[in-house]
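Geometric and topological summary
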Amino acid sequence: MTETIKVDHLEGIQYIIIYLMLLVSLIPVIAISRSKETTERIAYASSFGNKLALIILVSGVFRGDWMIACIGAFILIVGDAGMLILSLLEMRI
Amino acid sequence: MTNFFRLCLILLFRMTFWCLVTASFELTNILIGIAICLLIPFGDFRKLKLYPLIRETLLTLRLPFDMIKESFQLIFISDPIDGFTKQKLTSRAKSGSRFSKFLDLFRMTFTPMTLVTGLEDSETWRVHTVFSSSTVNNENEVDSK
Amino acid sequence: MTTSFVSYTTLLIGLFFWTWGTFPILNREHSIFYKLHTLTVSDSVGSLLIILGLLIRVPQYWPLLFVAAVSLALWNTISSYILGNISDRRL
């Protein structure tokens, strides 16, 4: 009845890759805080959402835990669709 | 007969995505998938033109190589300037349905060097590209296109 | 051993594309169109390379990775077209 989830331990290069991805994904946050126009802000925010979803996907695959990677793919699909609807609204105004 | 074939093509397309999302081939799963595919409204599938669609889909398979090539092209431009060019729609996109027009737009916008920003008139795309300002004759290039 | 090396190499190339494509958005001198081009390099090409690296590492989970890649390509392309259209109209 009780199932234990096997989780792999991460190697050194995997930590390096994930932290580098995290550092790169902080750049759009700085760019959002510096820009004034709404269209640029939408572009940077969708880039940020993309990057965070891929970080979740990569870390889930590295840990060997498929549920986390599944949630990463969901965030990728749904978050980008939300950004698309926001930019459509911006086009209509 | 052709209408039936078009209907089957749309059903096959939807079932492919259903099987990819659920990732299982059990009988109950496939039955639920067929029911959902039939429930989604079909739209005007009688206007679907098959031959241009197949040609455009085959052209889309060339995209990964173009993608890598054009991104390196963009990386090596160190002093970029903007420019708009005009590009004709392909004859398949003009004569085909809306979907083949979309595939034509998709192929241009997906690669990093070109970005479609709209329709100039009913036969030309308005395309944004990046030029290197160090090349001497770039102004002539912009004009001639 | 070889597959893991190839997978890490593809991931690092994708990471390079991410870094190169994301840095120009801090620059105020570039226009929004050039920023959209570089965001295409980082978000489409780099992310597809990263997903390819994961696919080499865990080939048994290809359906979800394939769906992620297709949705990534479609949404990024459509949203960059729409943003280009908006900024072109206001030019």
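Just so it is clear, the model here is predicted, and its values are computed rather than measured.

With respect to the interface of chain B and chain C
Contact residues are listed per partner, giving 30 residues for chain B and 31 residues for chain C. Summing both partners gives a buried area of about 2500 Å² for chain B against chain C, and 80% of it is carried by carbon and sulfur. Considering only the surface of chain B that becomes buried against chain C, L20, I75 and F110 of chain B emerge as the three largest contributors, covering 22% of it. Our count for the chain B to chain C interface comes out at one salt bridge. A salt bridge links R126 of chain B to D88 of chain C, with the nearest nitrogen and oxygen atoms 2.9 Å apart. On inspection of chain B and its partner chain C, the count reaches five residue pairs in polar contact (both at pLDDT 80 or more). Looking at the side of chain B that touches chain C, the elements that each hand over two or more residues are α1 (2–22), α4 (63–75), β1 (80–88), α6 (98–110), β2 (114–119) and β3 (124–132) of chain B. The element that contributes the greatest number of residues to the side of chain B that touches chain C is α4 of chain B, accounting for six residues. Across the side of chain B that touches chain C, the residue classes tally to 21 nonpolar, seven polar and two charged.

Brief notes about the pattern of salt bridges
Residue and element names in this part refer to chain B. Per the counting criterion, the structure on display carries six salt bridges over all chains. Residue D66 pairs with R62 through a salt bridge whose shortest N-O separation is 3.4 Å. Take D66: its relative accessible area is 17%, and that puts it in the buried class. Exposure remark for R62: the relative accessible area of 47% places this residue in the partly exposed category. For R107, the salt bridge is made with D104, and the minimal N-O distance between the two is 3.3 Å. Note that R107 and D104 are positioned in helix α6 at a spacing of three residues, about one turn of the helix. Of the two residues, R107 and D104, both sit in the buried class.

Notes on the packing of α4 of chain B against helix α2 (residues 32–57) of chain C
Relative to each other, α4 of chain B and α2 of chain C sit at 135°, their axes nearing to 11 Å. Here α4 of chain B is positioned oblique relative to α2 of chain C, judged by the angle of their axes. Where α4 of chain B crosses over α2 of chain C, the two elements pack in a sense that is left-handed. Where α4 of chain B approaches α2 of chain C, its residues M67, I68, S71 and L74 of chain B are matched on the opposing element by Y34, H37, T38, V41, V45, L48 and L49 of chain C. When the residues that make up the contact of α4 of chain B with α2 of chain C are grouped by side-chain class, the tally is eight nonpolar, three polar and no charged.

Quick look at the interface of chain A and chain C
Taken together, the 38 residues of chain A in the interface contact 40 residues of chain C. Of the charged contacts, one joins D43 of chain C and K51 of chain A as a salt bridge, the two residues approaching to 3.0 Å between their closest N and O atoms. Secondary structure elements with two or more residues in the side of chain A that touches chain C: α1 (12–24), α2 (27–34), α3 (38–63) and α4 (66–92) of chain A. Counted by class, the side of chain A that touches chain C contains 27 nonpolar, five polar and six charged residues.

Examining the domain arrangement of chain B
Under the domain assignment used here, chain B contains domain 1 (1–48) and domain 2 (52–145). Using only C-alpha atoms to locate each centre, domain 1 of chain B and domain 2 of chain B end up separated by 32 Å.

Quick notes on the arrangement of the chains
Take the two pairs of chains in contact: the one carrying the most contacts is chains A and C. There is a gap between chain A and chain B: no contact, and a shortest C-alpha distance of 11 Å.

Let's talk about the sheet that holds β3 of chain B
Residue and element names in this part refer to chain B. Strand order in the open sheet made by the three strands is β1-β3-β2, with antiparallel pairing throughout. The sheet terminates laterally at β1 and β2, the two strands that pair on one side only. Averaged over all neighbouring strand pairs, the angle between strand axes comes to 30°, with direction disregarded. Pairing geometry for β2 and β3, over five bridges, is antiparallel. Residue pairing in the sheet places G118 in a bridge with R126 of β3.

So, a nonpolar patch on the surface
All names here are of chain A. Together, I16, L20, L23, L26 and V29 line one region of the surface with nonpolar side chains, adding up to about 450 Å² of accessible area. Element by element, the count of residues in the nonpolar patch is highest for α1, at three residues. By the secondary structure assignment, V29 is in helix α2.

Points about the packing of α1 of chain A against helix α1 (residues 2–22) of chain C
Between two packed helices, both the angle of their axes relative to each other and the distance between the axes serve to describe the pair. At a minimum axis distance of 10 Å, the contact between α1 of chain A and α1 of chain C shows a crossing angle of 15°. The orientation of α1 of chain A relative to α1 of chain C falls into the category roughly parallel. Two packed elements cross with a definite hand, and for α1 of chain A against α1 of chain C that hand is left-handed. Along the contact surface, α1 of chain A presents I13, Q14, I17, L20, M21 and V24 of chain A, while α1 of chain C presents Y8, L11, L12, L15, W18, T19 and T22 of chain C.

Conventions we followed
- Residues numbered from 1 in each chain as written.
- Chains lettered and ligands numbered in written order.
- Predicted model: local features only at pLDDT ≥ 70, side-chain atom pairs only at ≥ 80, totals over all residues.
- Heavy atoms only, no water.
- Contact = heavy atoms within 4.5 Å.
- Buried area = accessible area lost by both parts, 1.4 Å probe.
- Salt bridge = Lys/Arg side-chain N within 4 Å of Asp/Glu carboxyl O.
- Polar contact = N/O pair within 3.5 Å; in protein donor to acceptor, adjacent residues only side chain to side chain.
- Helix = DSSP H or I, 4+ residues; strand = E, 2+ residues; numbered from the N terminus.
- Nonpolar A, V, L, I, M, F, W, Y, C, P; charged D, E, K, R; others polar.
- Buried < 20%, exposed > 50% of the residue type's maximum accessible area, 1.4 Å probe, protein only.
- Axes fitted to C-alpha atoms, helices over the stretch in contact; angles between N-to-C directions.
- Parallel < 35°, antiparallel > 145°, perpendicular 65-115°, else oblique.
- Left-handed = near helix turned anticlockwise from the far one by under 90°.
- Domains from an automatic or database assignment.
- Pairing = 2+ DSSP bridges.
- Patch = residues over 30% accessible without salt bridge, like charges linked within 9 Å, V, L, I, M, F, W, Y side chains within 5 Å.
- Areas by Shrake-Rupley, 256 points an atom, 1.4 Å probe, with all protein chains shown as cover.

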